[in-house]
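The primary structure of each chain is shown beneath.
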Amino acid sequence: MHQILLSLHSINRWLVLLSLLYSIYLAAMGRLKQLKFTANANFVRHVTATISQIQLLLGLSLYMISPVVKYAVAESDNNHLVSEHVFFKYIHIWLMATSVVLITLGSAKAKRMETDDQKFSTMLFWFSLALLVILVAIPWPFSPFTNRPFLRSF
Ligand code: HEM
C-alpha cells in the first residue's frame, strides 16, 4: 500500500507542476493581451486546484502510514540540511499544505472577481506564490533537504 501511494504521489507531482505552469502561462497571457476569461480558462483554473487537492489527499494518506514519518532512523551518509524524517514529518507537510491552501484560495478568489483582468491577475498571483513554495518543498534529486527520484514506478 505504501509503495502504491508513494508512486501515485510521485507521478501526480508532475500533474501538479504542469497544470500550475499552464495556468500561470494562461493568466500571464490573459493579462498581457487583455484576453477574455473564457470557459476554457475557467476549466484550467478548476482542474489545477483539483489536482493539487488530490495530491494533498494522497500526501495525507501517505503521511499516516509512511515509515519515514514514523521512525527517525539514523542515516549513515546524511550530508543534508535535515534528516529525511524531519523533512517529511514537519517541513514537507507544512509547506505543501500551505501551497494547496494558496491554490485553493487563489482559485476561489479568481472565480469571484468581476472583470476578466482581475480574474487573470488573481490567478497569476496566488498560483505563482504556490508554485514557488512547491518548488522549494519537493524532494528533488538535487534538493539540499532530502533527495528522491524524479519519477517512481509501481
Ligand atoms: C503539491 C503538493 C505536493 C507535492 C508536489 C509533493 C511531492 C512529493 C514528492 C515528489 C515526494 C517523493 C516521492 C518519492 O519518494 O518518489 C513526496 C513524498 C512524500 N510526501 Fe509529498 N508532495 C505534496 C504534498 C504532500 C502533503 C500535503 C503531504 C502530507 C500531508 C505529503 C506527504 C509526503 C510524504 C509522507 C512523503 C514521503 C513518504 C515516504 O517516503 O514514505 N506530501 N512528496
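Use the structure listed above.
Each value, and the rule that gives it
Residues numbered from 1 in each chain as written. Predicted model: local features only at pLDDT ≥ 70, side-chain atom pairs only at ≥ 80, totals over all residues. Helix = DSSP H or I, 4+ residues; strand = E, 2+ residues; numbered from the N terminus. Buried ≥ 20, exposed ≤ 12 C-beta atoms within 10 Å, placed from the backbone. Contact = placed C-beta atoms within 7 Å. Near = placed C-beta within 6 Å. Expected span 1.5 Å × (residues − 1). Core = buried A, V, L, I, M, F, W, Y, C linked by C-beta atoms within 7 Å. Axes fitted to C-alpha atoms, helices over the stretch in contact; angles between N-to-C directions. Parallel < 35°, antiparallel > 145°, perpendicular 65-115°, else oblique. Left-handed = near helix turned anticlockwise from the far one by under 90°. Nonpolar A, V, L, I, M, F, W, Y, C, P; charged D, E, K, R; others polar.

Visitor: Before we move on, can you summarise the overall build of the protein with the specific residues and values?
Guide: Counting secondary structure elements, the protein contains 5 helices and 0 strands. With the C-alpha coordinates aligned to their principal axes, the bounding extent of the protein is approximately 55 × 30 × 25 Å. Taken over 154 residues, the protein has a buried fraction of 26%.

Visitor: Can you tell me about the environment of Leu62, naming the residues and giving the values?
Guide: As for its position among the elements, Leu62 is in helix α2 (residues 39–65). Each C-alpha atom, one on Leu62 and one on Ile11, is 14 Å from the other, the two residues being 51 residues apart in sequence. When neighbours within four sequence positions are excluded, Leu62 is seen to be in contact with Leu5, Leu6 and His9.

Visitor: Before we move on, can you summarise the site of the ligand with the specific residues and values?
Guide: In the vicinity of the ligand, 28 residues are found, and the nearest of them are Ser10, Gly59, Ser66, Met96 and Arg148. Breaking the shell around the ligand down by element, the ones donating at least two residues are α1 (2–32), α2, α3 (67–70) and α4 (84–112).

Visitor: Describe helix α5 (residues 116–137), listing the residues and the values that go with them.
Guide: Its 22 residues give α5 an end-to-end C-alpha distance of 32 Å, which sits within 8% of 32 Å, the value for a rise of 1.5 Å per residue. For α5, the set of buried residues is Lys119, Phe120, Thr122, Met123, Leu124, Trp126, Phe127, Ala130, Ile134 and Ala137. As for α5, its buried residues are in contact with α1, α2 and α4.

Visitor: Could you give me a rundown of the nonpolar core, with the residues and numbers involved?
Guide: A general trend in soluble globular proteins is that nonpolar side chains are found buried together. Core analysis: the largest hydrophobic core is formed by 20 residues, its most contacted members being Ala27, Ile103, Met123, Trp126, Phe127 and Ala130. By residue number, the principal contributor to this core is α5, which donates 8 residues.

Visitor: I'd love a proper account of unusual backbone geometry, names of residues and values included.
Guide: Phi at Gln34 takes a positive value of approximately 50°, unusual for a residue other than glycine. Take Gln34: it is sitting in the loop between α1 and α2.

Visitor: Go over the packing of α1 against α2, please, and point to the residues and values.
Guide: For the pair α1 and α2, interaxial distance at closest approach is 8 Å and the crossing angle is 155°. Taken together, α1 and α2 sit at an angle that is classed as roughly antiparallel. In the crossing of α1 with α2, the sense of the turn from one axis to the other is left-handed. The class makeup of the residues in the contact of α1 with α2 is 16 nonpolar, 11 polar and 2 charged.

Visitor: Account for α2, naming residues and giving values.
Guide: Taking 1.5 Å per residue, 27 residues should reach 39 Å; α2 reaches 40 Å between its end C-alpha atoms and fits that length. Among the residues of α2, Ala41, Arg45, Thr48, Ala49, Ser52, Gln55, Gly59 and Leu62 are the ones counted as buried. Structurally, α2 contributes buried residues whose contacts are with α1, α4 and α5.

Visitor: Give me the environment of Ile103: which residues, what numbers.
Guide: Mapping Ile103 onto the fold places it in helix α4. Under the C-beta neighbour-count criterion, Ile103 is labelled buried, with 31 such atoms within 10 Å. Not counting residues up to four positions away in its chain, the partners in contact with Ile103 are Thr48, Ala49, Ser52, Trp126, Phe127 and Ala130.

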